[in-house]
Structures are given as structure tokens and as C-alpha cells.
Amino acid sequence: MQTERLTVFDVEKDKEALLRAAEILQNGGLVGIPTETVYGLAANTFDEKAVADIFAAKGRPQDNPLIVHVSDMEMVKDLVSELPEKAVICAEKFWPGPFTMVLPRGEKVPKSVSAGLDTVAVRMPSNPVAHELIKVSGLPLAAPSANLSGSPSPTTAEHVLFDLDGRIDAVIVSDKCDVGLESTVISLCCEPPRLLRPGGVTLEQLKEILPDIVVDKAVLAQPEKGKPVASPGMKYKHYSPKARVIMLDGDFEKFKKYVDDNAIDGTFALVYEGEEHELSVPCVSFGHKGDEAEQAAVLFDALRELDNLGCKVCFARVPKKSGVGLAVYNRLIRAAAFEVISL
Ligand code: TXA
Ligand code: MG
């Protein structure tokens, strides 16, 4: 199929292209859409055939559920069997924004959206194009990240086309995604509430309104083989460039020595801005040390660049685990298939 390019930078000026995207969605098609986190691959949540097409286009495992995107609280009520008080409080604080809640699934939501679970993940994006598209289409949109399953999430329309050109009906060409990493996911279907995936809304912020929230083991460590996981997406090797990524845990001096001693042909280093010229191997940087928001915004770009440059092995710096850094760490350790060397 031919993938249509629909340019929408301004929801008023580019209304025609936005309405075309809404029409495609209403007719059961798939559209790559910008959000403030990463690009999503959207379809009508209530259309089982369109939902099946999402899994096929991405090559996504059938047991990995999708997030449903809404533009107002009325839409949420249509998706859940019950809206817990805590969900209302979290929605007031963190929506619209990079924040997803797992809630009890309502009858209208096809099982396939939730991969058979009796829960549904819901998010209200703040990106104006995503928000307006949901509103004008009148549809809650099921949307995973718009990448081929296993590769780094896309933060530009170009990334979406690199992975999915010819496999989806259209892509909206718009601004780069601000946050750069997928949303924070929590479950409110268990007591105490559980952080399943760290993102732009930080654990520190969550603790202010959910003081008893616990961090799921899969956030920091490799889930044990064969054991059930709270968030199926966390069990896959994810966000990976083709290169083998190895994280080196230690200060810059030790990092530099290890890289210099162990570099072979095709070795790169993934380092903080400004460290590049001190190393003997080619480098890709992922933001400044100490600026976790910047690291989040550029990490997936950096992982894609490593592939473009023909990297075979990449030694990476280890991000700090607080604030948005927890999300950067969580993505990078998956790109590294949990391979970390303590220096
Ligand atoms: O920022 C985001 O969340 C982006 C944009 C497009 O909104 N979407 C995204 O979707 O990252 P995806 O499919 O790449 O990741 C969804 C994550 C997966 O880890 C999945 O397992 C988890 O959310 N998830 C979805 N529904 C769930 C449920 N009912 N219970 C537990 N985990 C769920
Ligand atoms: Mg994804």
C-alpha cells in the first residue's frame, strides 16, 4: 500500500490534512500520529480488524496489550468498568500528559486491545495534534509506538516511515516529540498501585499523590524467564539497535580506560555531550550529564544513529536512576539486553 503523508503542524491551518487522518481512522485504517512522548500507530479502539492490523504492521507479539488514547474524561468512562477515585486524582494532576493508567476494562473494549487481559491502559496525550485528532474523529485511539516491534521507538515522522512505509495507510508529518520516551505506566488494578514503566512523569511526582506506590521489579531488572509479568511489554528485548550494547558502570576515567583497552573494529561509545573527543573510538552522544530530560529526548535518536553508522559493539555510559533518569536507564538497559559491566 501507499502510505499517505499528511502535514499537520498547526491544527487550525492544517485542518484539511487533520480531517483526512480522522477519515482514514473512521474507515478502519492505520495512521502514524505524533504525541508528546513518541509517535504512535493509531487505529479505532472499537474496530477489531483495525486493531489486528496494528499487530500485523508492527510484527508485535499478540500478548502485548495496547494503550488507548482519549481526549476527555467522558471517553475514559466509555472504556472502563469502574473509575477508581485514585484514577480521578491522577488524571487531574497528570493529564493531559505522558502518563498512562491501567484500569478495569469495560465491555466495549475488544479483548484484543488488551491482549486478553481484563484491564485496559488509558492515556490522554497533551500533543495538540493528537488531542485534536482524537476529538474530531470522536474515537478513542489504540496506539502502540509506531516502530517495528523490537526497534527503538520513533520520535519523528521520518523514523516512522523508515520502519513502516508501505505497511500503514498514513503518517502525520509534524514536530519532533518533546519527551522522546514512552509514557509512564502505572497500574491501579492492584493494591498498592504499581509503577510498570517509568517515563516523563517521575516516580518522585507519583509519590506525592500515591505515597504507597511500588516499583515493579521489571523496571530495573530482567524479568525471570517463564514468570508472568505485570506489564507484558517489559519482558521483551526492546528499543534495540542492531549493535550489541554493553553498559559500563563506573566513572568517566574507568569508562575511558575500559573502552580504550577493549575496542575492536566497529566499536563505538555512547557518551555524554563533551566526552566524545576524549575517547579513541567513534562516539554518539545522548545529551549532557545531569540533564536527564535532554537525555530522554535524544536517546532513541542516538540508538538509531549507531545503526546508521555501522556500529557493531557499543559501550554506553550508565544514566542516573532518579527523576526522568529512571526512564532513560530503563530503556537503555533493555537496549543492552541487561548487559552491564561494573568497573
Ligand atoms: O507514550 C506512550 O505510551 C506511547 C505513545 C504512542 O502514546 N505508546 C506506547 O505504546 O509506548 P507501547 O505499545 O509501545 O507500550 C505500551 C506498554 C507496554 O509495555 C504494554 O505491555 C503496557 O503498556 N500495557 C498496555 N496495556 C496494559 C495492560 N492492560 N496491563 C499492563 N500493561 C499494559
Ligand atoms: Mg513500544
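These lines cover the structure that appears in this document, whether it is placed above or below. Everything quoted here is computed from the prediction, not taken from an experiment.

Cut-off values and rules
- Once a new chain begins, its residue numbering starts again from 1 and follows that chain's sequence as written.
- Labels follow written order: the first chain is A, the first ligand is 1, and so on.
- With pLDDT at 70 or above as the cut-off, local features in this predicted model cover only qualifying residues; side-chain atom pairs require 80 or more to be listed or tallied, and sums for whole chains, interfaces and linings still use all residues.
- Side-chain metrics rest on all non-hydrogen atoms present in the structure, leaving aside hydrogens and water.
- Exposed residues in this analysis have more than 50% of their type's maximum accessible area, buried residues have under 20%, and partly exposed residues fall in between, with area computed by a 1.4 Å probe over protein chains only.
- Numbering of helices and strands starts at the N terminus; helices are DSSP runs of H or I of at least 4 residues and strands are runs of E of at least 2.
- If DSSP finds at least two bridges between two strands, the strands pair.
- Nine residue types can take part in a nonpolar core, namely buried Ala, Val, Leu, Ile, Met, Phe, Trp, Tyr and Cys, and a core is a set of them joined through side-chain atoms within 4.5 Å.
- Note on contacts: a residue pair qualifies if any of its non-hydrogen atoms lie within 4.5 Å across the two residues.
- Angular values range over 0 to 180 degrees, each being the angle between N-to-C directions of two axes fitted as lines to C-alpha atoms, with helices fitted over their stretch in contact.
- Here a pair means two rings of Phe, Tyr or Trp (six-membered ring of Trp) with centres within 6.5 Å. Their orientation is stacked below 30 degrees between planes, edge-to-face above 60, and tilted elsewhere.
- As a reminder, the over-ring test applies to NZ of lysine and CZ of arginine, requiring each to be within 6 Å of the ring centre and within 35 degrees of the ring normal.
- Think of a salt bridge as a Lys or Arg side-chain nitrogen and an Asp or Glu carboxyl oxygen that are within 4 Å of each other.

### Digging into the pairing of strand 3 (residues 40-44)
So, step 1. Most of strand 3 sits out of view: five of its five residues are buried.
So, step 2. Pairing geometry for strand 2 (residues 31-33) and strand 3, over three bridges, is antiparallel. Bridge pairing in strand 3 links Gly32 to Leu41.
So, step 3. Counted between consecutive antiparallel strands, the loop separating strand 2 from strand 3 contains six residues.
So, step 4. Where strand 3 meets strand 7 (residues 141-142), two bridges bridge the pair, whose relative direction is antiparallel. Looking at the pairing, Asn44 lines up with Leu141 of strand 7.

### Notes on the nonpolar core
So, step 1. Phe99, Met101, Leu133 and Ile186 are the most contacted members of the largest nonpolar core, which totals 69 residues.
So, step 2. Among the elements that line this core, the one with the most residues is helix 1 (residues 15-26), at six residues.
So, step 3. For Ile186, the residues in contact, after removing those within four places along its chain, are Cys90, Phe99, Thr100, Met101, Val102, Arg194, Leu195, Leu196, Leu206, Leu210 and Ile213.
So, step 4. Ranked by size, the runner-up nonpolar core spans 29 residues in total, among them Met247, Phe286, Phe300 and Ala336.

### Quick notes on the sheet that holds strand 14 (residues 283-285)
So, step 1. The sheet built from five strands is open, its strands ordered 14-13-15-12-16 with parallel pairing. At either margin of the open sheet sits one strand with a lone partner, and together these are strand 14 and strand 16 (340-342). Each adjacent strand pair in this sheet contributes to an overall mean axis angle of 25°, direction not counted.
So, step 2. With three bridges joining them, strand 13 (residues 267-271) and strand 14 adopt parallel strand pairing. Within strand 14, the position partnered with Ala269 by the bridge is Cys283.
So, step 3. Strands strand 12 (244-249), strand 13, strand 15 (313-316) and strand 16 of the sheet are contacted by helix 10 (residues 325-335), whose axis makes an angle of about 130° with strand 12.

### Digging into the packing of aromatic side chains
So, step 1. A full pass over the atoms with the stated rule returns four aromatic pairs.
So, step 2. Between the aromatic rings of Phe94 and Phe99, the centroid separation amounts to 5.0 Å while the plane-to-plane angle is 55°, which identifies the pairing as tilted.
So, step 3. Relative accessible area serves as the criterion here: at 0%, Phe99 is assigned to the buried category.
So, step 4. Lying across the ring of Phe255, Arg317 places its NZ or CZ 5.5 Å from the centre.
So, step 5. Directly above the aromatic system of Tyr329 lies the positively charged group of Lys321, at a separation of 4.7 Å from the ring centroid.

### As for the side chain of Asp216
So, step 1. Considering the arrangement of structural elements, one finds Asp216 in the loop between strand 11 (214-215) and strand 12.
So, step 2. For Asp216, a relative accessible area of 10% corresponds to the buried category.
So, step 3. Excluding its chain neighbours within four sequence positions, the residues that come into contact with Asp216 are Arg194, Leu195, Leu196 and Ala230.

### Side note on the pattern of salt bridges
So, step 1. In the structure shown here, the tally under the stated rule is 20 salt bridges.
So, step 2. Of the charged contacts, one joins Lys108 and Asp78 as a salt bridge, the two residues approaching to 2.9 Å between their closest N and O atoms. In this pair, Lys108 is assigned in the loop between strand 5 (99-104) and strand 6 (119-123) and Asp78 in helix 3 (residues 73-79), connecting sequence segments 30 residues apart.
So, step 3. Looking at Asp78, the relative accessible area reads 37%, which means it is partly exposed.
So, step 4. We note a salt bridge from Lys257 to Asp261, for which the minimum N-O separation is 2.7 Å. Placement of the pair is Lys257 and Asp261 together in helix 8 (residues 252-262), with a separation of four residues, close to one helical turn. The exposure classification of Lys257 matches that of Asp261, with both residues exposed.

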